[in-house]
Amino acid sequence: MASLQVSRFYAVLALCGAAAAWAAPVHAQEARIAAVNSERILRESQPAKAAQSKLEQEFSKRDKELQDLANRVKSLAEKLDKDGPVLSESERARRQRELADQDREFQRKQREFREDLNQRRNEELGLVLERANRAIRQIAEQRKYDLIVQEAVYVSPRIDITDEVMKSLNAGGR
């Protein structure tokens, strides 16, 4: 009977050893994760600032023309309000049509301006994001990251590599 208990003891010991070997990973390796704040890159990096400056230069003339047209419309409206009581019916109607035409022209030009500006902004920021993604991939390969996220609810400063990405972007010039 004692030999049966010893045999069971060794059998249980062998099973525990097998279970422990099965549960322990052979190559336990921690995943390397980092995070990047893309919004900050698009706001603060030199390429993003250069893109913004380029857009301002490109659209400043049209913006000034729009402001001038808005002032003309406002001036026509004020003049019509002021002169309205002493104008003949036909002159008042003519000025109202002129004001409506100018206002429609202003609205059309303003809409076109916004559409063109948004399209160009998206193009320029797309180029900045492409460069940022190349820099992120390069950093990931150099520092052997397994995962880099760009959108997160919370990011510990310990894993935030935004400054490193911006440094890489800024060193690359425009």
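This section reports on the structure supplied with the text. (Residues numbered from 1 in each chain as written. Predicted model: local features only at pLDDT ≥ 70, side-chain atom pairs only at ≥ 80, totals over all residues. Heavy atoms only, no water.)

1. Here we look at the environment of Leu69
Keep this limit in mind: Note on conventions: DSSP H or I runs of at least 4 residues are helices, E runs of at least 2 residues are strands, and numbering of each starts at the N terminus. Three exposure classes are used, based on accessible area relative to the maximum for each residue type with a 1.4 Å probe and protein chains only: buried under 20%, partly exposed in between, and exposed over 50%. The criterion used for residue contact is that any of the two residues' heavy atoms lie within 4.5 Å.
Relative to the elements of secondary structure, Leu69 occurs in helix 3 (residues 46-83). Given a relative accessible area of 4%, Leu69 falls into the buried group. Expressed as a C-alpha distance, the spacing of Leu69 and Gln110, which sit 41 residues apart in the sequence, is 9.8 Å. For Leu69, the residues in contact, after removing those within four places along its chain, are Gln102, Glu105, Phe106 and Lys109.

2. Overview of the side chain of Glu124
Put simply, the test is: Whenever two N or O atoms come within 3.5 Å, that pair is a polar contact, provided that in protein one can donate a hydrogen and the other can accept it, and provided that, for residues adjacent in sequence, both atoms are side-chain atoms.
Take Glu124: it is sitting in helix 4 (residues 89-143). A relative accessible area of 8% means that Glu124 is categorised as buried. At 3.3 Å, the side chain of Glu124 and the side chain of Lys54 are in polar contact. Leaving out residues up to four positions away in the same chain, Glu124 has contacts with Ala51, Lys54 and Leu55.

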